[in-house]
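Residues per chain are reported as follows:
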Amino acid sequence: MLFFCEELSLSFYAEKMGMTEKTLYRLVKKKTGFTPIKIINDRKLLEATRLLLSTNLLVQEIAHKLSYTDAAYFVRVFRKDKGCTPNRFREKYREINLYDNES
């Protein structure tokens, strides 16, 4: 189960690991330098990237699959992280693969 797609609450993960939210937050922050929510959001963006490159799902479908209630918000988050919209990201990747296949 890909919990990060559905669960953003720190309490969910803390309970799964048998610790308090405060302990989980402190341990993750100390070991990684990032907050647990940042790590979860980064993992969601990684999954979005994977879905964009390996499927023909619409951006709205990917947003829904990753529990973004608003596809426009997902596009903004993706653009902020990757520097382009999900559709442009997919186009750029396909252009690169097209040229790789000609070699």
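Residues numbered from 1 in each chain as written. Predicted model: local features only at pLDDT ≥ 70, side-chain atom pairs only at ≥ 80, totals over all residues. Heavy atoms only, no water.

K.L.:
Any details on the environment of Glu-91? Residues and values, ideally.
P.N.:
As for its placement among the helices and strands, Glu-91 is situated in helix 6 (residues 86-102). Residues Glu-91 and Leu-52, 39 residues apart in the sequence, show an inter-C-alpha distance of 9.6 Å. (Helix = DSSP H or I, 4+ residues; strand = E, 2+ residues; numbered from the N terminus.)

K.L.:
Could you give an account of the pattern of salt bridges, with specific residues and numbers?
P.N.:
One pass over the structure, following the stated rule, counts six salt bridges. For the salt bridge of Asp-81 with Lys-82, the shortest nitrogen-to-oxygen distance reads 3.3 Å. Overall, Asp-81 belongs to the partly exposed group, its relative accessible area being 41%. Assessed through its relative accessible area of 34%, Lys-82 is described here as partly exposed. Two residues, Glu-91 and Arg-88, come together in a salt bridge whose shortest N-O distance is 3.3 Å. Taken together, the positions of Glu-91 and Arg-88, both in helix 6 and three residues apart, correspond to about one turn of that helix. (Salt bridge = Lys/Arg side-chain N within 4 Å of Asp/Glu carboxyl O. Buried < 20%, exposed > 50% of the residue type's maximum accessible area, 1.4 Å probe, protein only.)

K.L.:
How would you explain the packing of aromatic side chains if you had to name every residue and give the values?
P.N.:
The full count for this structure, using the stated rule, is five aromatic pairs. Taking 5.0 Å as the distance between ring centres and 90 degrees as the angle between the ring planes, the aromatic pair formed by Phe-12 and Tyr-13 counts as edge-to-face. On the basis of relative accessibility, which here comes to 14%, the residue Tyr-13 falls in the buried class. Their ring planes at 50 degrees and their centres at 5.1 Å tell us that Tyr-68 and Phe-74 sit as a pair that is tilted. With respect to class, Tyr-68 is no different from Phe-74; both count as buried. (Phe/Tyr/Trp six-rings, centres within 6.5 Å; stacked < 30°, edge-to-face > 60°.)

K.L.:
Explain the environment of Val-75 to me, and be specific about the residues and the numbers.
P.N.:
Among the structural elements, Val-75 can be located in helix 5 (residues 71-82). Classification of Val-75 by relative accessible area gives buried; the value is 19%. Note: C-alpha distance between Val-75 and Pro-86 (11 residues apart in sequence) is 6.5 Å. Filtering out sequence-adjacent residues up to four positions away, Val-75 remains in contact with Val-59, Thr-85 and Pro-86. (Contact = heavy atoms within 4.5 Å.)

K.L.:
How would you summarise helix 1 (residues 10-17) if you had to cite specific residues and measurements?
P.N.:
Within the span of helix 1, buried status applies to Leu-10, Phe-12, Tyr-13 and Ala-14. Tucked inside the fold, the buried residues of helix 1 contact helix 2 (21-32) and helix 3 (36-54). Of the residues one or two after helix 1, Gly-18 is the one with positive phi, at around 70 degrees.

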